[in-house]
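# Structure at a glance
For reference, the chains in residue letters:
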Amino acid sequence: MNLSPKAIKMISHHEGVRQRPYRCPAKLWTVGVGHVMFPEQGKLKIDQRDAFVPPPEAMRQYSMEEVNEILRTDLARFEKGVATYCPVPLTQGQFDALVSFAFNVGLGTLQRSTMRQKLLRGDMEGAAEELLKYCMAGGKILKGLQNRRLDERAVFLS
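Let me sum up the structure you'll find in this document. Being a predicted model, the structure only gives us computed values, none of them experimental.

A separate point is the environment of Thr30. Within the secondary structure layout, Thr30 lies in strand β2 (residues 29–32). Looking at Thr30, its side chain comes within polar contact range of the main-chain oxygen of Leu28, at 2.9 Å.

See the structure below:
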């Protein structure tokens, strides 16, 4: 199964699209649609990430063609991850919501989640409700994450 164009728009809306590198709230250098530029930086403790010096050639303006290609590559990895970790029949909406969720929180979080356990047991309503529990970052509830999870839940149940 592949992500629908509607889901790609939803992910881009919630992640934002930036052509210049920036530090995300987790202090990781990011570009495009939530693409972490240097995965090795993520292995550092959060208080050590500010000291990470990216190569100067990476700190440039990226074209929309480059941004879209990076996004396609990233999404393919998450599509494969959802197919691997959620080997049950899914509707397009369920698949789209799961890929969006995993893109945001990571495949490891999806793999360990109660949502996945409920999904594998066939409890689709319960799985949809579990999405709403992932609204915190840095110990605080973020309105943007609440809105994203509500959108993902609606798509999941569509």
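For the structure on display, the rule yields 10 salt bridges. We note a salt bridge from Arg60 to Glu66, for which the minimum N-O separation is 2.8 Å. Glu66 gets classed as partly exposed once you look at its relative accessible area, which sits at 29%. Within the structure, one salt-bridge network assembled from shared partners comprises Glu15, Arg148, Arg149 and Glu152.

Moving on, we come to the environment of Ala76. Structurally, the position occupied by Ala76 is in helix α2 (residues 64–85). As a C-alpha pair, Ala76 and Leu3 span 73 residues in sequence and 8.7 Å in three-dimensional space.

Further remarks concern the nonpolar core. Val82, Leu98, Leu110 and Phe156 are the most contacted members of the largest nonpolar core, which totals 35 residues. For this core, the elements supplying multiple residues, two or more each, are α1 (5–15), β2, α2, α3 (92–105), α4 (107–112), α5 (114–120), α6 (124–131) and α7 (143–157). In terms of residue count, α3 provides more of this core than any other element does, 7 residues in total. Sequence-distant contacts of Leu110, that is, excluding residues within four places in its chain, are made with Val82, Cys86, Leu98, Phe101, Ala102, Met115 and Arg116.

A few words on the sheet that holds β2. One open sheet accounts for 3 strands, arranged β1-β2-β3; its pairing is antiparallel. Either end of the sheet is taken by a strand with one partner, and the two such strands are β1 (18–23) and β3 (35–36). Looking at chain direction, β1 and β2 are connected through 3 bridges and run antiparallel. Along β2, the bridge assignment pairs Arg23 with Trp29. Against the sheet, α2 touches β1, β2 and β3, its axis set at about 65° to β1.

This paragraph deals with the packing of α6 against α7. Where α6 contacts α7, the two axes come as close as 8 Å, and the packing angle between them is 165°. Judged on the interaxial angle alone, α7 and α6 are roughly antiparallel. Crossing handedness for the pair α6 and α7: right-handed. Contacts between α6 and α7 pair Met124, Glu125, Ala127, Ala128, Glu129 and Leu131 from the former with Arg149, Glu152, Arg153, Phe156 and Leu157 from the latter. Taken together, the residues of the contact of α6 with α7 sort by class into 6 nonpolar, no polar and 5 charged.

About the thresholds
Residues numbered from 1 in each chain as written. Predicted model: local features only at pLDDT ≥ 70, side-chain atom pairs only at ≥ 80, totals over all residues. Heavy atoms only, no water. Helix = DSSP H or I, 4+ residues; strand = E, 2+ residues; numbered from the N terminus. Polar contact = N/O pair within 3.5 Å; in protein donor to acceptor, adjacent residues only side chain to side chain. Salt bridge = Lys/Arg side-chain N within 4 Å of Asp/Glu carboxyl O. Buried < 20%, exposed > 50% of the residue type's maximum accessible area, 1.4 Å probe, protein only. Core = buried A, V, L, I, M, F, W, Y, C linked by side-chain atoms within 4.5 Å. Contact = heavy atoms within 4.5 Å. Pairing = 2+ DSSP bridges. Axes fitted to C-alpha atoms, helices over the stretch in contact; angles between N-to-C directions. Parallel < 35°, antiparallel > 145°, perpendicular 65-115°, else oblique. Left-handed = near helix turned anticlockwise from the far one by under 90°. Nonpolar A, V, L, I, M, F, W, Y, C, P; charged D, E, K, R; others polar.

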